[in-house]
Each structure stands twice: as structure tokens, then as C-alpha cells.
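A structural walkthrough
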Amino acid sequence: MEAHNGLSARIVEEAGFRGIWASGLSISAALGVRDNNEASWTQVLEVVEFMSDATSIPILLDADTGYGNFNNMRRLVKKLEQRGVAAVCIEDKLFPKTNSFINSERQPLADLEEFAGKIKAVKEAQSDPDFCLVARLEGFIAGWGLDEMLRRAEACHAAGADALLIHSRKSTPDQVLAFAEAWKGHCPLVLVPTTYYSTPVEVFEQAGIDLVIWANHNVRSSIATMQETSRRIFEERSVQSVEDAIAPVKEVFRLQNADELMEAEERYLPKASDSARAIILAASRGSEMGDVTAGIPKTMVPIGNTPLLHKLVAQFRASGVRRIVVIRGYAAGKVHAPDVEFVENAEFEGTGELLSLSKAVEYLEGDVVLSFGDILFRKHILNNLLAEPHDIVIAVDAAWHRRHRAAGYVDYVTATRPYSLRYDEDEAFLTAASPDLEEDVIHGEWIGLIKTNGRGSEIITAALAELSKRGDFKKLRFDDLFKHLIAKQQRVHVLYITGHWLDVDDLDDLARAQAF
Ligand code: SPV
Ligand code: MG
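Predicted model, so just to flag it, every value in this text is computed and none were measured.

Some details on the domain arrangement of the protein chain
- Parsing the protein chain into structural domains produces domain 1 (2-218) and domain 2 (270-514).
- If you average the C-alpha positions of domain 1 and of domain 2, the two centres end up 71 Å apart.

Here's what the structure looks like:
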């Protein structure tokens, strides 16, 4: 059965056919060109490769006259074998060919010796012993009689042709049946009953014909349907009357094997649940910034033309964090960012960070990065944090004393050891966290990023539950959480960094952020 691209080839296989005719007429028609070798042989090869990829039954390529001489044929065979094409058919005419049904009497036949040489070259070039060559004899088409056909058939058979295609443009099968009778089964015979289509197939079976090719009926049926569909939609300016008559989109997906891709995605793509989630705390106004945050929270302050939150979200995305939750409160209606989820904190006024975080506690699960909504940092900081295997890790800036400091709260920390350039140092753990630490015990400043794994998320969830019982819970900040974890002897790992981040607390910070 004819096919002319991957889709039609798959349809042919599904219908139950045992082989596919990659028709020269249909492939060129589908490409919008004539059946005169207007499409180059490599263009045909591309099409047949798609057909081969889409199917598992043998494909017989209609290679016209072989696109050149014996040498071109040898190369073609090699390329077809590489693409899993089972067989090739060549006809005894001259390049560039003309379709057998156009001006057929004026079509000269190929020199028989030259044609036999091509056949021989193919059989000697093939590396798969099952690769087949069908020699197509156009003698009847060109007006020759049975004797000449038999002479040509013998020569092709002797040269090694695996089968002969006897073509005829008569409306009855007389010519081809006479040939079959005289040939007496020397080798398999192939017919193309395009013009003598009313002959029942049993007649061919009884005559010992081995293969019948329905050569162009898929491209013709698609032409008829596409013409009707286009005409109707154009005239009716609606698809309503065609919708039920055409294949549903679901059928297109099925023929493309879309399900297989979905299953493969399950197996090969990182699972959404496996990758980290970010929770961004962005509920506070940031009143230190005065008029700048009248009506928008600090997180939406533009850095250049882009809101701070958008930059932050883009940083998470760039490090592969796709699930992002933003806790918003002040001017919540003005807080937006593409493809993030929002959690509302209506109690943002005069309350602390832990209350805000507790609003999103249901998202505290698996790998999580908790982040302030007013910070920016270089990519390596987040990447290093994400690579940490420990339950709870905080990013601490050891170069804290070099920082510009806005008035207000600073999350100073002390750890089991200070920052060191040595790569073989012991791990550092948090031992104290407070804005009031004496300068000589400060090892760094927590920058507002915490990374947890599944266990770490559970530990923090439990800590929040315990802290929420305190009367002052609404005022508590992250250093209270850290103190609680230290008191509970929960280990908080310290990942030291040295600069390359900033927070936006005042207008000076904002100016710095523009240049960051
Ligand atoms: C084709 O399908 O391209 C053929 C068969 O060569 S026919 O058009 O009938 O000659
Ligand atoms: Mg053809």
C-alpha cells in the first residue's frame, strides 16, 4: 500500500498491510512537485527515513530510474540499508523520468545492458542479504510487445533482480496476465493495478502474481479530503460542519505516539517532586525605603526595569528551581511574578518572619530553599546551597564587616569555626544567632537563605509548631528559630560565602542593586 510520509506510512501499517510502497508519484505530489525527479534523491531519502522511523513493516522505495547510473544506485542502496528500508524498485527508463501515465509512448526505454549493470551493481553493493531489488519493466507502457518484455525480463533476472514489476496502463490485465503466463514463475512478479483496478485480486492470485501494489490511493484520498475540508471552511467561515468528518486532534496525537513520550518523560525528566522548591518571604513593606514602597512592597521595587522579585524568581529558575511559592502581604494585589504560587499573609503588619513562614508551612516539604524577598545573590551561592546534602544549611557571609549596613536588624551568627580558605576544614555548625552578638564572636552574617532536605523541612515544621505555642510567636524572627534549633541540638550547617550578594533595605542598597 502506498504511503508518502511518516504519517501515511503508519496508517498503512495499522491497516494491516505487510509492506509499504514509497511511491515516487505520491512523495513528489506531497512535496508539491512533479513526478519528474524534481525532488532530489536526498530529499526522497529524507522522506523515506521518516517513513521507516514511523513503521516496522518492510518499505519498498520507488527509486524511479535510480537517480543516475550504477554508481549512484550503489550509493543509494547503502543509504537505504542504513535507514532500514527493505527494498528498492528501479525502472528501465531514462533520467529524468516521466510518470508512466503521461505521454507514455514517447518515453524511451533504458539500454538493456546498462540497466542490467545497475541491477548487478545493487546486488553486489548491498550488505544485508535480505535487501531486495525489484526491476520494473516499462516495455508495455512504452508500446512494446510480450517478446521484448520477456527478453528484458530474462536479462534482469540473470543480472540478479529479486522480483519483476510488470507495468501496464491498460484498463484490463491482459498484458500482465499474458506475461505471467509466459514467465512461468522464474522469479516473483509484482503488479500495479492502477488502471485495471476493477480486476478482482483473486485473478492475480490465480495467475501466480506475488505482490500487488496499490500505488497512489492514499495521496489521492488525502487530496480529495483536504480539498473538501478547505473549500468548506473557506466558504462557511466555520469549522462546524467539518469537525465531525475529520480526525480528532486526539487521533493525531495517537498516530504520533504521544503517550510514549509522556511515559519517557516520567522516566527521564527530573520529577517535579524531586527538585527543590523555593519559598520566598515577601510580605513586608520595607518602610525604611519611604515613598518608594508607598503602595508596593519592597519585593516589587524595580531594579532597572525589573521588579526585585522577578529577578529573584529568575535566579531560582536559572538554578533549576521550578516550583516557587511567594508569601505576600503588604499590597498583595501588586505582588506578581510569572508562574509562581502565592500564599497570603494578611497579618503582615507589625508581625515577624516566622508568622509569615508559618502561612506557607504546607509547602515546607522535601528540598526547600527559604529566601527573603529582598535579596539578590550570584548564581554560585544558590547552586552551592542546592548541592548541600545536609538537613538544614544556611548561607553565611564571612565578609560581613565589609558590607554596607543599613540601620536595623542584622542576622549575625557564630559557628563552630570561622570561615577558612582550607578545603579540608571540618564542617561548620551554627552555635549562636542574634543581632546583638559581640563583634569578636561574630563569624558572619546570615544572608537570608536556608536550604532544607526532606528531614530538614520536617524539623523546621516541628520547630514552627512548637514556637507557635509561644505568646510572642507573632513577633518572632529567624534568629528565634535558629536559637530554638540550637537549643534542641538540631544541627544547622553553615555554608560560608564571601560577599557576592546584597539585600535591599534602604535607598543606598537600591542604588547598589541597580549595579549588581
Ligand atoms: C508510483 O507510484 O510512483 C509509480 C507507480 O511509479 S505509477 O505511478 O503507477 O507509475
Ligand atoms: Mg513512480
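As for the sheet that holds strand β1 (residues 2-3)
- Here we have eight strands laid out as an open sheet, ordered β1-β2-β3-β4-β5-β6-β7-β8, and parallel in their pairing. Pairing within the sheet leaves two strands with one partner each, and these edge strands are β1 and β8 (211-212).
- Where strand β3 (residues 59-62) lies against strand β4 (residues 87-91), three bridges are found, and the strand directions are parallel. Bridged to Leu61 within β4 is Val88.
- Sheet contacts for helix α5 (residues 112-125): β4 and β5 (132-137); angle to β5, the most-contacted strand, approximately 170°.

Structural notes on helix α1 (residues 6-15)
- Where α1 is concerned, the buried positions are Gly6, Ser8, Ala9 and Val12. What you see down the axis of α1 is that its buried residues fit within an arc of 165°, all on one side.
- Residues of α1 that are buried make contact with β1, β2 (20-22), α3 (41-53) and α9 (217-236).
- With a side-chain oxygen lying 3.3 Å from the backbone nitrogen of Leu7, the N-terminal cap of α1 falls on Asn5.
- Just beyond α1, the residue with positive phi is Gly16, at close to 115°.

What about the side chain of Asn37?
- The residue Asn37 is located in the loop between α2 (24-30) and α3 in this model.
- Look past the residues within four positions of Asn37 in its chain and what remains in contact with it is Asp64, Tyr67, Phe95, Pro96 and Lys97.

Topic: the site of ligand 1
- Taken together, the neighbourhood of ligand 1 is formed by 13 residues, with Trp21, Ser23, Leu25, Asp62 and Arg136 sitting nearest.
- Contacts to ligand 1 include Gly24, whose backbone N or O atom sits 3.2 Å from an oxygen atom.
- A distance of 2.7 Å separates an oxygen atom of ligand 1 from a polar atom in the side chain of Arg136.
- Compared with its free state, where it exposes 280 Å², ligand 1 has 100% of that area covered by protein.
- Its residues assigned to classes, the shell around ligand 1 comprises five nonpolar, six polar and two charged.

Rules used in this analysis
Residues numbered from 1 in each chain as written. Chains lettered and ligands numbered in written order. Predicted model: local features only at pLDDT ≥ 70, side-chain atom pairs only at ≥ 80, totals over all residues. Heavy atoms only, no water. Domains from an automatic or database assignment. Pairing = 2+ DSSP bridges. Helix = DSSP H or I, 4+ residues; strand = E, 2+ residues; numbered from the N terminus. Contact = heavy atoms within 4.5 Å. Axes fitted to C-alpha atoms, helices over the stretch in contact; angles between N-to-C directions. Buried < 20%, exposed > 50% of the residue type's maximum accessible area, 1.4 Å probe, protein only. Arc of directions from axis to C-beta. Polar contact = N/O pair within 3.5 Å; in protein donor to acceptor, adjacent residues only side chain to side chain. Near = heavy atom within 4 Å. Areas by Shrake-Rupley, 256 points an atom, 1.4 Å probe, with all protein chains shown as cover. Nonpolar A, V, L, I, M, F, W, Y, C, P; charged D, E, K, R; others polar.

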